[in-house]
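Residue-level structural notes
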Amino acid sequence: MKKSSFDHIKQTWREVARYNRNDDFSFELEVHKKLLNAFHVGDYYFYVFNCATAELEYVSDRVVAILGMDSPDQLSAEYLVNNMHPDDRPYFFEFESRVVDFLKTLGPERILKYKMAYDYRVRSTNGDYVRVLQQSVTIQTDDLGSVIRTLGVHTNISHLKKDGPPSLSFIGLEGEPSFHDVGRGLLAGQSGIAALTKREAEILQLLIKGNTSKQIAALLSISKLTADRHRKNMLQKVNCRSTTELAIKMMQQFC
């Protein structure tokens, strides 16, 4: 039997959690800390998402006003997927996959230092679509770096962005580098930053931190020649003349 769209995305979430349910978790204090540090104030609601079970374990009351629901209990991950604008759904699946791939490149200590941000349209109970900016941070991992729970915020940005495709950004916290609009062109011929491979993105982060090709080669157990080739490929993809220009281009929009 063919899997539904929701079954497909549940598999992606379970992958990043490595099927680790970890049901014993007291998150109230951590939720409020992350909420204050990571998200801007606006017309929003927030939630706690369990990646292994694909369940929203908590949803704040403001969802009632934003999506027109009778109670927060009506909102589920399945509702969001099934009521997403058809044109935005392919972006959502691709973005979630890229988020999982990006998190896999980070060590357990760095996963908590990144915020994922992208937008899409969700149909409210009155039939109108609301464009939400989804921002999420990891609030629980295990020792292996499996993502167990995330804190998410949906901000209504319908008045700010009426047209255009969704965009994806990886936003570094506590001094980590940020990568903005990495999803641009994903479904239209892969170009620019969106076209970087996982290895190139890894090397780019090391370049931003000031590592030379020789140091990168040692850190990644590759030859200096291979590291130099990756640098050359990145310059061509992003249309930069030097690695310094490439680093500046990626760092200029730090949060």
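For the structure, check the block above.
The paragraphs below set out a description of the structure included in this document.

What counts, and at which threshold
Residues numbered from 1 in each chain as written. Predicted model: local features only at pLDDT ≥ 70, side-chain atom pairs only at ≥ 80, totals over all residues. Heavy atoms only, no water. Helix = DSSP H or I, 4+ residues; strand = E, 2+ residues; numbered from the N terminus. Buried < 20%, exposed > 50% of the residue type's maximum accessible area, 1.4 Å probe, protein only. Polar contact = N/O pair within 3.5 Å; in protein donor to acceptor, adjacent residues only side chain to side chain. Contact = heavy atoms within 4.5 Å. Pairing = 2+ DSSP bridges. Phe/Tyr/Trp six-rings, centres within 6.5 Å; stacked < 30°, edge-to-face > 60°.

**Quick look at the side chain of arginine 110**
- Counting through the fold element by element, arginine 110 comes out in helix H6 (residues 108-111).
- Accessibility expressed as a relative area gives 15% for arginine 110, which makes it buried.
- At 2.7 Å, the side chain of arginine 110 forms a polar contact with the side chain of glutamate 176.
- Look past the residues within four positions of arginine 110 in its chain and what remains in contact with it is Glu176, Pro177, Gln205 and Lys209.

**Some thoughts on the pairing of strand S3 (residues 114-123)**
- In terms of burial, S3 is largely enclosed, as eight of its ten residues are buried.
- Summarising the sheet, S3 and strand S6 (residues 168-172) pair through five bridges and their orientation is antiparallel. Within S6, the position partnered with methionine 116 by the bridge is phenylalanine 170.
- Examined bridge by bridge, S3 and strand S4 (residues 129-141) share nine bridges and lie antiparallel to one another. Looking at S4, one finds that arginine 123 is bridged to tyrosine 129.
- The turn joining S3 and S4, which pair antiparallel and follow one another in sequence, is formed by five residues; a positive phi near 95 degrees is taken by glycine 127.

**A look at the packing of aromatic side chains**
- Following the criterion strictly, the structure yields ten aromatic pairs and no others.
- Pairing phenylalanine 92 with tyrosine 120 gives two aromatic rings, centres 5.4 Å apart and planes at 75 degrees, and the pair type is edge-to-face. A residue pair is termed long-range when its members are at least 10 positions apart, and phenylalanine 92 in helix H5 (residues 89-104) and tyrosine 120 in strand S3 qualify at 28 residues. For the residue pair phenylalanine 92 and tyrosine 120, the accessibility class agrees, reading buried in each case.
- Taken together, the ring pairs in this structure connect Tyr91, Phe92, Phe93, Phe95, Tyr118 and Tyr120 into an aromatic cluster.

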